[in-house]
Amino acid sequence: MTRTPLIAGNWKMNLDHQQAIALIQKIAWTLSDADFDYEAVEVVVTPPFTDLRSAQTLIDAEGFKIVLGAQDLSDNDSGAFTGDISGEFLSRLNCQYVLVGHSERRTIHGEDDEKVRLKIQAAIRHNLIPILCVGETLEQRNSGQMDLSVKQTLAALEGVNLENLVVAYEPVWAIGTGEVASAEQAEEVISMIRKGLAESKGAEFADKTRILYGGSVKANNVASFMKMPNIDGVLVGGASLDSEEFANIARYREHIGV
Ligand code: 13P
């Protein structure tokens, strides 16, 4: 089974809709100047909600091959949920992916495994591919909880039937800190996640599910992750806000000569 590598930029709460247009244009132009092969490597950006309509219009009008995703969704579809965003709205804006359970949602917004599971189900209802984010804190790592990501993954998928899933392993201690997990550390956890998926959802599902690494990824370290057999892509925070840097991350194959 070949898994198409996925390079995703999580913009977090950065850039308004005009800045979003400028950044997407620059990424697309830089990649097209470099004859980038979007069939070989999928490129996704997840701007803030308020940018999505402008981003969609631009991508449509220009025929860009960059794919849109959102950073979160409600576990409900409609109704009295002030401030929430339905997966239905995201689908209508041609979002194909949605981040679910990012550590910033878990810690700042108190989302637990149950909430994450309900959001995964909402994503499925609206044909959005969930990018399920998991990862341990430094404290949890130091107390030997190396299988926490496996537990979070399985808890989020308990009783859930789904065809398409992306998992992002983002050790909390490596997010926005400049502290990068080594490629070997990331591969170790990611291969445990794949094994857990095989045991709970079957070998075929585990084999086709893409599992990404996230946490202080830059153009100068992306290749080390992408060389690992179980790492199928990266989820990039800070470095995804710089068009040159993000385009260089997407072009990682040139760094490793494939
Ligand atoms: P940084 O790349 O800024 O460390 O952020 C990682 C992240 O949280 C992506 O979702």
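For the structure, see preceding data.
Our subject in this report is the structure included herewith.

## As for the side chain of Asn-221
Tracing the chain through its elements places Asn-221 in the loop between β7 (210-214) and α10 (222-226). Residue classification places Asn-221 among the buried residues on the basis of a relative accessible area of 13%. Polar side-chain contacts of Asn-221 include one of 3.0 Å to the backbone oxygen of Ser-216.

## So, helix α2 (residues 52-62)
For α2, the full list of buried residues reads Leu-52, Ser-54, Ala-55, Gln-56, Leu-58 and Ile-59. On the buried face of α2, the contacting elements are α1 (17-33), β3 (67-70), α3 (87-92) and β4 (95-100). Looking one or two residues past α2, Gly-63 carries a phi angle of roughly 70 degrees, positive in sign.

## Concerning the nonpolar core
Counting 72 residues, the largest nonpolar core has Ile-24, Ile-193, Leu-197, Tyr-213 and Ile-249 as its most contacted members. Excluding its chain neighbours within four sequence positions, the residues that come into contact with Ile-193 are Val-134, Ser-149, Val-150, Thr-153, Val-167, Tyr-169 and Ile-211.

## Observations concerning the sheet that holds strand β1 (residues 6-10)
Strands in a sheet are paired, the pairing made by backbone hydrogen bonds, and the direction either parallel or antiparallel. Here we have eight strands rolled up into a closed barrel, ordered β1-β2-β3-β4-β5-β6-β7-β8, and parallel in their pairing. Each strand axis lies, on average, 25 degrees off the axis of its neighbour in the sheet, ignoring direction. For β1 and strand β2 (residues 42-46), the ladder comprises five bridges, and the chain directions are parallel. Within the sheet, the bridge partner assigned to Ala-8 lies in β2 and is Val-44. Sheet contacts for helix α11 (residues 243-250): β1, β2 and β8 (233-236); angle to β1, the most-contacted strand, approximately 155 degrees.

## Considering the packing of helix α7 (residues 148-157) against helix α8 (residues 183-201)
It is the contact of α7 with α8, at a shortest axis distance of 9 Å, that shows an interaxial angle of 35 degrees. The element α7 and its partner α8 pack so that their crossing is right-handed. For the pair α7 and α8, the contacting residues are Ser-149, Val-150, Thr-153, Leu-154 and Leu-157 in the first and Val-189, Met-192, Ile-193, Gly-196, Leu-197, Ser-200 and Lys-201 in the second. Across the contact of α7 with α8, the residue classes tally to seven nonpolar, four polar and one charged.

## A few points about the pairing of β3
Where burial is concerned, the two faces of β3 agree: the one with Val-67 and Gly-69 and the one with Leu-68 and Ala-70 are both buried. Pairing between β2 and β3: two bridges, direction parallel. Bridged to Val-45 within β3 is Leu-68. Traced from β2 through α2 to β3, the parallel crossover comes out right-handed. Here β3 runs beside β4; their pairing, made up of three bridges, is parallel. Bridge pairing in β4 places Gly-69 opposite Tyr-97. Following the chain from β3 across α3 to the adjacent parallel β4, one finds a crossover that is right-handed.

## Observations regarding the site of the ligand
What surrounds the ligand is a group of 13 residues, the closest being Lys-12, His-102, Gly-176, Ser-216 and Gly-238. Between the ligand and Asn-10 there is a distance of 3.0 Å, counted from an oxygen atom to a side-chain nitrogen or oxygen. Separating an oxygen atom of the ligand from a side-chain N or O atom of Glu-170 is a distance of 2.9 Å. Protein burial of the ligand: of its 310 Å² of free accessible surface, 95% is covered by the chains. Here the residues of the shell around the ligand sort into four nonpolar, seven polar and two charged.

## Let's talk about the side chain of Ser-149
Its location among the elements puts Ser-149 in helix α7. For Ser-149, the residues in contact, after removing those within four places along its chain, are Val-134, Gly-135, Glu-136, Tyr-169, Val-189 and Ile-193.

## Observations regarding the environment of Glu-111
The residue Glu-111 is located in the loop between α4 (103-108) and α5 (113-125) in this model. Not counting chain neighbours up to four residues away, the residues in contact with Glu-111 comprise Asp-72, Gly-101, Arg-105, Arg-106 and Lys-119.

## Structural notes on the pairing of β7
Counting buried residues along β7, five of its five residues qualify, which places the element largely inside the surrounding structure. On β7, burial covers both faces: Arg-210, Leu-212 and Gly-214 on one face and Ile-211 and Tyr-213 on the other are all buried. Note that strand β6 (residues 166-169) and β7 share four bridges and pair parallel. Paired with Val-166 across the bridge in β7 is Arg-210. One ladder, built from three bridges, connects β7 with β8; its direction is parallel. In the strand pairing of β8, Gly-214 is matched with Leu-235.

Reading guide: rules and limits
- Residues numbered from 1 in each chain as written.
- Predicted model: local features only at pLDDT ≥ 70, side-chain atom pairs only at ≥ 80, totals over all residues.
- Heavy atoms only, no water.
- Helix = DSSP H or I, 4+ residues; strand = E, 2+ residues; numbered from the N terminus.
- Buried < 20%, exposed > 50% of the residue type's maximum accessible area, 1.4 Å probe, protein only.
- Polar contact = N/O pair within 3.5 Å; in protein donor to acceptor, adjacent residues only side chain to side chain.
- Contact = heavy atoms within 4.5 Å.
- Core = buried A, V, L, I, M, F, W, Y, C linked by side-chain atoms within 4.5 Å.
- Pairing = 2+ DSSP bridges.
- Axes fitted to C-alpha atoms, helices over the stretch in contact; angles between N-to-C directions.
- Left-handed = near helix turned anticlockwise from the far one by under 90°.
- Nonpolar A, V, L, I, M, F, W, Y, C, P; charged D, E, K, R; others polar.
- Right-handed = clockwise from strand over helix to strand, strands pointing away.
- Near = heavy atom within 4 Å.
- Areas by Shrake-Rupley, 256 points an atom, 1.4 Å probe, with all protein chains shown as cover.

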